[in-house]
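Observations on the three-dimensional arrangement
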Amino acid sequence: MLPAVAALTLLAACSGGSSPSQAGGQPSAPAAASAPASASSSASPAGGPASPGLVAVTTGGALVVLHPRTGAVARTLVTGGVVGDEISVASNGTVYFAVQHGCSDTIESVADTGGTPAAITTGSLPAVSPDGTKLAYASQPSLTQGCVPSNPDLTPLYKLVVRTLASGSQVSYPMVPKGQDSGLPAPISHLSWAPDNDHLAVSIASIQDNEGWNLALVDTAAAKHYLSGGGISYVPATGKPAARRSYLREGIYLPNGNLFVSRACCAGVPVHNTSRLMQVVSTTGALMHQVAIGFATLDHTSLDVTASGQWLLYLAGHDLYVSDGGATPRKLTSGLIAAAWR
C-alpha cells in the first residue's frame, strides 16, 4: 500500500491548514455552501485565473471541451449517448468515455481535438493510468429501468477490469471470491489510479438502503478481488461529524499519494444527509485539509485533479466547481454529469 505522505503544499498554504474555505461573508460558510444557483447551460461569471483545459459530459449526453475561464462549450466531441460520472484524459489528449447502447455501455476514445471515436471494449467508468499504459474500468450490469438482468444472483456480474492498452490483454477482479457471495452487489461508482500506476482507489456505491458506501484501495499486483481479500485496504471516515455514520461517497488519488474525497453524513434509512465535506485525507483517513463544505442535499461526484496536483474539480449536483491550489472553490458552469481535466 502506498505510504501516507504530507498534504499538498499548495492546498495547505491557501487556507492556513485544515480550516474550511470561506465565502459569502458567512462564518464557516465556504463557496459550495452558499445558496445553490439554478441549473443552467450558460456559463457563470468566472473570476480568478483561468483553469487548465477541461472536458465534460452534459446532462444531454454530449462529450464537450469547455472554455477554461468561462466554462462555455468550446467544442463538441461526441453529440450524445455519453454517460457519467467518469471520463478520463491521457497525457496525449486521448479522452476515454462510456456510451450507453441499450442495456450495456461501451468504452470509447477520441482525441480532445476531435475526430472519429474508436470503440475499445464493453464497460463503464474508464480511468487511464498516469503513464497512459493501462485502462481500468467497471464491468457491471446496468440497473436502469428495463435493464435488470434475469439472473437472480447479481454478485458474479460485478468486476473491476484492468486492460493493457497496447496489447488488449485484461485482468479481471471479481467483487468477492466464490463462497462469499451475499447476493447483494457492491457497484463500482468511480475509479482512480495512484501515481505508481499499480494501485486503484475504487469507490463503492451503496449496497442496500444507503449502507455499504466504501472506498477500497486495491493493489492490482496482489489483489484477486476488488471488495475483499489480500491486497485491499479501506479508507475510514475519521473525525467529526458522526464518524460512525459518515461515509466516503467518492475518492481519488492525488499525485502525492493522498486522497481527495467527498465525505457525507449520514448513512442509513431513511436517507437524510446532513453534511457534505470535500477533504484531502491520507490513505488511512486522517484529515490533511478541508477544501470546502458542500451542499448537504446534493451529491458531490466526478472528482478529478490535474497531474501537478494544483487544480481540483468536482460536481455538486450538475454544477461544476474548481479549486486552484485549495483556494475557495468557485462554480464554473452547470448542466454536467461528468468532468475531467485535459
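Residues numbered from 1 in each chain as written. Predicted model: local features only at pLDDT ≥ 70, side-chain atom pairs only at ≥ 80, totals over all residues. Heavy atoms only, no water.

Description of the layout of surface pockets
Let me state the cut-off plainly: Think of a 1 Å grid over the protein atoms and nothing else: a 1.4 Å probe that fits but is trapped marks a cavity, an open set flanked by protein within 12 Å on at least five of seven lines marks a pocket, and residues with an atom within 4 Å of a point count as lining. Grid points are joined across faces, edges and corners, and a volume is the space filled by probe spheres set on the points. Think of it this way: any DSSP run of H or I at least four residues long counts as a helix, any run of E at least two long counts as a strand, and we number them from the N terminus. Residue polarity follows a fixed list, in which Ala, Val, Leu, Ile, Met, Phe, Trp, Tyr, Cys and Pro are nonpolar, Asp, Glu, Lys and Arg are charged, and the others, Gly among them, are polar.
Here the largest pocket defines a volume of roughly 660 Å³. Val89, Val128, Asp304, Val305 and Ala307 are the residues nearest the centre of the largest pocket, which is lined by 31 residues in total. Within the residue set of the lining of the largest pocket, elements represented by two or more residues are β4 (82-89), β8 (124-128), β12 (188-193), β16 (247-253), β20 (300-305) and β24 (336-341). Of the residues forming the lining of the largest pocket, the biggest block, 5 residues, is contributed by β4. Within the lining of the largest pocket, the residues separate by chemical class into 20 nonpolar, 7 polar and 4 charged.

Thoughts on the nonpolar core
Rules: Here the nonpolar core consists of buried residues drawn from Ala, Val, Leu, Ile, Met, Phe, Trp, Tyr and Cys, with membership extended through side-chain atoms lying within 4.5 Å. Residue burial is assigned from relative accessible area. The probe radius is 1.4 Å, only protein chains are included, and a residue is buried under 20% of its type maximum, exposed over 50%, and partly exposed in between.
Ranked by size, the top nonpolar core spans 24 residues in total, and within it Leu160, Ile188, Val202, Val218 and Tyr226 carry the most contacts. Elements represented by at least two residues in this core include exactly β8, β9 (134-139), β10 (159-164), β12, β13 (199-204) and β14 (214-219). Ranked by size, the runner-up nonpolar core spans 15 residues in total, among them Val55, Val65, Val82 and Val95.

Notes on the pairing of strand β17 (residues 259-265)
For clarity, the cut-off: Pairing between strands is defined by DSSP: at least two bridges between them are needed.
Most of β17 is tucked away: 7 of the 7 residues are buried. Turn length for the β16-β17 hairpin, with the two strands adjacent in sequence and antiparallel, is 5 residues, and the turn residue Gly257 shows positive phi of about 95°.

Some details on the pairing of strand β3 (residues 73-78)
Note that strand β2 (residues 63-66) and β3 share 4 bridges and pair antiparallel. Across the sheet, the residue bridging to Val64 is Thr76, located in β3. Counting the residues that bridge the hairpin from β2 to β3 gives 6 residues, and of these Gly71 lies at a positive phi of roughly 80°.

Examining the packing of aromatic side chains
What counts here: Here the aromatic set is Phe, Tyr and Trp, taking the six-membered ring for Trp, and pairing holds for ring centres within 6.5 Å; pairs whose planes are under 30 degrees apart are stacked, those over 60 apart are edge-to-face, and all others are tilted.
Under the counting rule described, the total for this entry stands at 5 aromatic pairs. With 5.0 Å between their ring centres and 15° between their planes, Trp213 and Tyr247 make a pair best called stacked. Here the residue Trp213 occupies a position in the loop between β13 and β14, and Tyr247 occupies one in strand β16, the gap between them amounting to 34 residues. Pair check on accessibility: Trp213 and Tyr247 agree, each one buried. Joined through ring pairs, the aromatic side chains of Phe260, Phe295, Tyr314 and Tyr321 make up one cluster.

Details of unusual backbone geometry
Cis peptide bonds are those with omega within 30 degrees of zero, and the linkage from Gly84 to Asp85 qualifies with 0°. Looking at the secondary structure, you find Asp85 in strand β4. Cis rather than trans, the peptide bond between Cys265 and Cys266 has omega equal to 20°. Here Cys266 lies in the loop between β17 and β18 (275-281). Despite not being glycine, Asn197 has its phi angle at roughly 65°, a positive value. Structurally, the position occupied by Asn197 is in the loop between β12 and β13. Although it is not a glycine, Ser302 adopts a positive phi angle of roughly 55°.

Brief notes about empty space enclosed by the protein
As enumerated under the stated definition, the model contains 1 cavity of 30 Å³ or more in all. The calculated volume of the largest cavity comes to roughly 50 Å³. Forming the boundary of the largest cavity are Val235, Pro236, Ala237, Thr238, Leu248, Val261, Arg263, Gln279, Val281, Gly285 and Leu287. Counting residues per element, the ones that place at least two in the lining of the largest cavity are β17 and β18. For the lining of the largest cavity, a count of residues per class yields 7 nonpolar, 3 polar and 1 charged.

A word on the sheet that holds strand β15 (residues 232-234)
Worth spelling out the cut-off: Only the stretch in contact is used when fitting a helix axis, every axis being a line fitted to C-alpha atoms; angles between N-to-C directions are given from 0 to 180 degrees.
Read across the open sheet, the 4 strands follow the order β12-β13-β14-β15; overall the sheet is antiparallel. The sheet terminates laterally at β12 and β15, the two strands that pair on one side only. If you compare each strand with its neighbour and ignore which way they point, the axes differ by 25° on average. As judged from the 5 bridges shared by β12 and β13, these two strands associate in the antiparallel manner. Paired with His190 across the strands is Ser203, a residue of β13.

Points about the pattern of salt bridges
Basically, it comes down to this: We count a salt bridge whenever a side-chain nitrogen from Lys or Arg sits within 4 Å of a carboxyl oxygen from Asp or Glu.
Counted according to the given criterion, the structure contains 5 salt bridges. Close ionic contact of Asp198 with Lys134 constitutes a salt bridge, the shortest N to O distance being 3.4 Å. With Asp198 in the loop between β12 and β13 and Lys134 in strand β9, this residue pair connects regions lying 64 residues apart in the sequence. On the accessibility criterion, Asp198 (33% relative accessible area) is partly exposed. Between Asp299 and Arg249 there is a salt bridge whose closest N-O contact spans 3.0 Å. Here the residue Asp299 occupies a position in the loop between β19 (287-293) and β20, and Arg249 occupies one in strand β16, the gap between them amounting to 50 residues. By relative accessible area, which is 31% here, Asp299 ends up partly exposed. You can call Arg249 buried: its relative accessible area is 11%.

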